[in-house]
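Chain and residue survey
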Amino acid sequence: MSIALDIGKFSIKLVELEKVNESIKVINLKTINIIEDLDTYDIDKLSKSQISASIQDLTNNLNIKIKKVKNLITSLPGSDVDTRQVSILDMPDNELLQALELEAKKHVPLDGTEAIIDYHHIGKDVHELDKINLLLTTTTKNKIKDHADILKNAGFKPGIFDSDPIALCNLLQFSYELPETGANVILDIGHSSTTLVVFGNNITYFSREIEIAGNQISQSLVRGNKITYSEAENKKHEKGIAIFEKANEESEQAISVEQRTILNDLVDEVRKTLRFYMKNNSQAFFNQFYLSGGCSKMIGLDSFIAEALNVKVDILNPLNKIDYDKTIDNPGEFSVVIGLALRGLF
């Protein structure tokens, strides 16, 4: 049995998985909005107490006894964690840890507390035989404390802390047969940010947070159409990218520049990121793009991205190899939490 929580800035997702022989099935799967009245939603004013209360409501709805949950798996968002592949001289573990601490401080803005690191051996560096490749994850003690406080205030004993990008990689690797060569790209478009992950069996891992996602899209709809936030959320999911086409008396083809731009901005950031990756990994090529996250169900978004980047885009199905007897409106929003729960089963 494995229970995981994905704690976002708009909603909380929980999944409980069970492994039966060689199959995996869903016992519980649910999401809850942190703020019920979306017209009062302000992402910058969310408090830890509001998030903890939402976690309690979610577990109560599922009749989960918090005190009986052991080894809860949660994750820090990509914006709070730096995860990167590094090549470093092969050395004893005590020396390696010191070297990695110095490396980590180059990439994570310190907040007055010490850096917390973890690493995973990938293997020998095929280009430099005296070096090894590692996946280095870095955050700060303050980030860990804030995350743990939310869980404690909800009644949980903090268990395993993971990161969103790694959870997405675990999910993709479990759910699909990946080619031995080339890279796969995950675009997890959540509410506060988009997590871009480049991942493959024999290529350099890379991830980046793009600060354009569901909240920014909704805010642009609010400004451009003089509607409420809840109306913007509903229209975004009911009409998809067609909401960005705004007819007027002169022409039905008129486009709202602001609303159009925010989608173009997202694609431009993805394009720039992938160009940067290719500049540093000139022999790499992209096999497949997978779209996930709460915004992945926006009608036409996958086609928009595919056409803009001239790539093949599929919606990542987190239940591709998992048994579940219910229909889910938006499976993509559960990608991170299912990726987290899978870690507890293997």
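Conventions adopted
Residues numbered from 1 in each chain as written. Predicted model: local features only at pLDDT ≥ 70, side-chain atom pairs only at ≥ 80, totals over all residues. Heavy atoms only, no water. Salt bridge = Lys/Arg side-chain N within 4 Å of Asp/Glu carboxyl O. Helix = DSSP H or I, 4+ residues; strand = E, 2+ residues; numbered from the N terminus. Buried < 20%, exposed > 50% of the residue type's maximum accessible area, 1.4 Å probe, protein only. Pairing = 2+ DSSP bridges. Axes fitted to C-alpha atoms, helices over the stretch in contact; angles between N-to-C directions. Contact = heavy atoms within 4.5 Å.

Per the stated rule, a full pass over the model turns up 18 salt bridges. We note a salt bridge from aspartate 149 to lysine 48, for which the minimum N-O separation is 3.5 Å. Taken together, the residues span a long stretch of sequence, with aspartate 149 in helix H3 (residues 141–153) and lysine 48 in helix H1 (residues 48–61) at a distance of 101 residues. Overall, the relative accessible area of 34% leaves lysine 48 in the partly exposed class. A salt bridge links aspartate 268 to arginine 271, with the nearest nitrogen and oxygen atoms 2.8 Å apart. One end of the pair, aspartate 268, and the other, arginine 271, are both in helix H7 (residues 257–280), 3 residues apart, so they sit about a helical turn from each other. The class for aspartate 268 is partly exposed, based on a relative accessible area of 34%.

Our next topic: the sheet that holds strand S6 (residues 115–124). A sheet is described by the order of its strands in space; here 3 strands give the open sequence S5-S7-S6, paired in antiparallel fashion. Lying at the two open borders of the sheet, with one neighbouring strand each, are strand S5 (82–89) and S6. Between one strand and the next, the sheet's axes are offset by a mean angle of 30°, whatever the strand orientation. The sheet contact formed by S6 and strand S7 (residues 131–140) spans 9 bridges and is antiparallel. If you follow tyrosine 119 over to S7, its bridge partner there is leucine 136. Across the sheet, helix H2 (residues 93–104) touches S5, S6 and S7, and the angle it forms with S6 is around 115°. Where H3 meets the sheet, it contacts S6 and S7, and its direction lies at approximately 60° from that of S7.

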